[in-house]
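# Observations on chain architecture
These are the residues of each chain, in order.
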Amino acid sequence: MEIELARTFLEILRQGSFSAAAETLHVTQTTVTARMHKLERHLECRLLQRSRGGITMTSDGERFADHAAQLVQIWETLQRELPLPQGIERVVAIGGEASLWHPLLSRWMSALRQRLPTLAVRIRVGERRELQQQLSEGGLDAVLVHQADYWPGMQVSLMQEEKLVMVQTPGAGAADPYVYVDWGEVFRREHDAVLPQLASPVMMLNLGPLALEYLLANAGSGYFRLSAVRAYLDSGRLERVPGMPEFAYPVYLVHPRERLSPHLREALALLNEIS
């Protein structure tokens, strides 16, 4: 059976409709329907029932759902681990949101290479929901995110309690732009409630490192993770804006409880050590 058929079945269940699954998988709804027909022909049974109320599983569909995720996980694991490079004994696949690459992900990568030289590391940077979907499907062993979704079988641990602080270039004035960095829905809600005068800025970015690069090359202000700007504050390239509120920005580690292999335990122990 083609793994893509099982993956499509799971995505329909996750999204609740054929059209939403097609959008997530970046295919047409006709393709999703054809895959489901093919899957049901392979298994010689009906898996899903479509009605005005939505999608429901048949009893055969419920039984298949118990095994479909395992099929996808095994396939994803084999794809990333075979063939092993010479001198490598194990592979670990880690995901993280783009805003976390500096300094946490980069420090973790360095520590893994230095301390576990026989471990191959696969790093994937992406959006939170995409990363957690890949984690649930077995494409990743663990992810670092700022807002964790809880679901059965997943372990969620608080790694860091980050702060978002407003900084500016020295001498920045009222004419210099406020750069609104979109740190997610929780930040947007709290920021816009406390600072409504800054809710509609001239510049808005959803990638912290890019916004920081802009700020260092130009004049202006914005909210950034304290750990990411501390060195610039110490050197005088940036300064705190006095009297401005701080916002909590936690970092969570998410991984499946049942797939906690010995080499993943070692990798996570290193993360705990450096965080």
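Provided above is the structure to which this section pertains.
This text gives an overview of the structure that appears in the document. Treat the numbers as computed from the prediction; the structure is a model and nothing was measured. (Residues numbered from 1 in each chain as written. Predicted model: local features only at pLDDT ≥ 70, side-chain atom pairs only at ≥ 80, totals over all residues. Heavy atoms only, no water.)

## Comments concerning the side chain of Glu 162
Spelled out, the test is: Helical segments are the DSSP runs of H or I of at least four residues, strand segments are the runs of E of at least two, and each set is numbered from the N terminus. N or O atoms within 3.5 Å of each other form a polar contact, as long as, within protein, one can give a hydrogen and the other can take it, and as long as residues adjacent in sequence are counted only when both atoms are side-chain atoms. Working rule for contacts: check all heavy atoms of both residues, and any pair within 4.5 Å makes them a contact.
Relative to the elements of secondary structure, Glu 162 occurs in strand S6 (residues 154-168). Within the structure, the side chain of Glu 162 is placed 2.8 Å from the side chain of Ser 227, a separation counted as a polar contact. Excluding residues that lie within four positions of it along the chain, Glu 162 makes contacts with Arg 225, Leu 226, Ser 227, Phe 247, Ala 248, Tyr 249, Pro 250 and Val 251.

## Let's talk about unusual backbone geometry
To keep things clear, this is the line we draw: Buried residues are those whose accessible area, probed at 1.4 Å on protein chains only, stays under 20% of the maximum for their type, while exposed residues exceed 50% and partly exposed ones sit between those limits.
The phi torsion at His 26 lies on the positive side, around 60°, for a residue other than glycine. Here His 26 is to be found in the loop between helix H2 (18-25) and helix H3 (29-43). Classification of His 26 as exposed rests on a relative accessible area of 73%. The phi torsion at Glu 44 lies on the positive side, around 60°, for a residue other than glycine.

## Here's the deal with the nonpolar core
Applicable threshold: By nonpolar core we mean a set of buried residues, namely Ala, Val, Leu, Ile, Met, Phe, Trp, Tyr and Cys, connected to one another through side-chain atoms within 4.5 Å.
Leu 164, Val 167, Trp 183, Phe 187, Tyr 223, Phe 224 and Val 229 are the most contacted members of the largest nonpolar core, which has 24 residues in total. When contributions to this core are tallied by element, the ones reaching two or more residues are S6, strand S7 (178-181), helix H8 (208-217), strand S9 (221-225), helix H9 (226-235) and strand S11 (247-256). With 21 residues, the next largest nonpolar core counts Leu 104, Trp 108, Ala 267 and Leu 271 among its residues.

## Comments concerning the pairing of S6
In the case of a regular strand, side chains alternate between the two sheet surfaces. Spelled out, the test is: At least two DSSP bridges between two strands are required for those strands to pair.
The pairing of S6 with S11 spans ten bridges and is classified as antiparallel. Its bridge partner being in S11, Glu 161 is matched across the sheet by Pro 250. Direction of pairing for S6 relative to S9: antiparallel, over a ladder of five bridges. The residue bridging Leu 164 from the neighbouring strand is Arg 225, located in S9. For S6 and strand S10 (residues 239-240), the ladder comprises two bridges, and the chain directions are antiparallel. Bridging across to S10, Gln 168 finds its partner in Glu 239.

## With respect to the packing of aromatic side chains
Spelled out, the test is: Aromatic contacts are taken between Phe, Tyr and Trp rings whose centres are within 6.5 Å, Trp giving its six-membered ring; a plane angle under 30 degrees counts as stacked, one over 60 as edge-to-face, and the others as tilted. Cation placement over rings: the criterion is NZ of Lys or CZ of Arg within 6 Å of the ring centroid and within 35° of the ring normal.
In total, this model carries seven aromatic pairs according to the counting rule given. Relative to Phe 247, the ring of Phe 187 lies with its centre 5.3 Å away and its plane at 85°, an arrangement referred to as edge-to-face. Taken together, the residues span a long stretch of sequence, with Phe 187 in helix H7 (residues 185-194) and Phe 247 in strand S11 at a distance of 60 residues. Overall, Phe 247 belongs to the buried group, its relative accessible area being 6%. Three or more aromatic residues link up through ring pairs in this structure, and these residues are Tyr 178, Tyr 180, Phe 187, Tyr 223 and Phe 247. For Arg 50, the ring lying beneath its charged end belongs to Phe 18, and the centroid distance is 3.9 Å.

## As for helix H1 (residues 3-15)
This is how the line gets drawn: Expected helix span is taken as 1.5 Å per residue step, with the number of steps being one fewer than the number of residues.
The first and last C-alpha atoms of H1 sit 18 Å apart over 13 residues, in line with the 18 Å expected at 1.5 Å per residue. For H1, every residue scored as buried is listed here: Ile 3, Leu 5, Ala 6, Arg 7, Thr 8, Phe 9, Leu 10, Glu 11 and Ile 12. Looking one or two residues beyond H1, the residue adopting positive phi is Gly 16, at roughly 85°.

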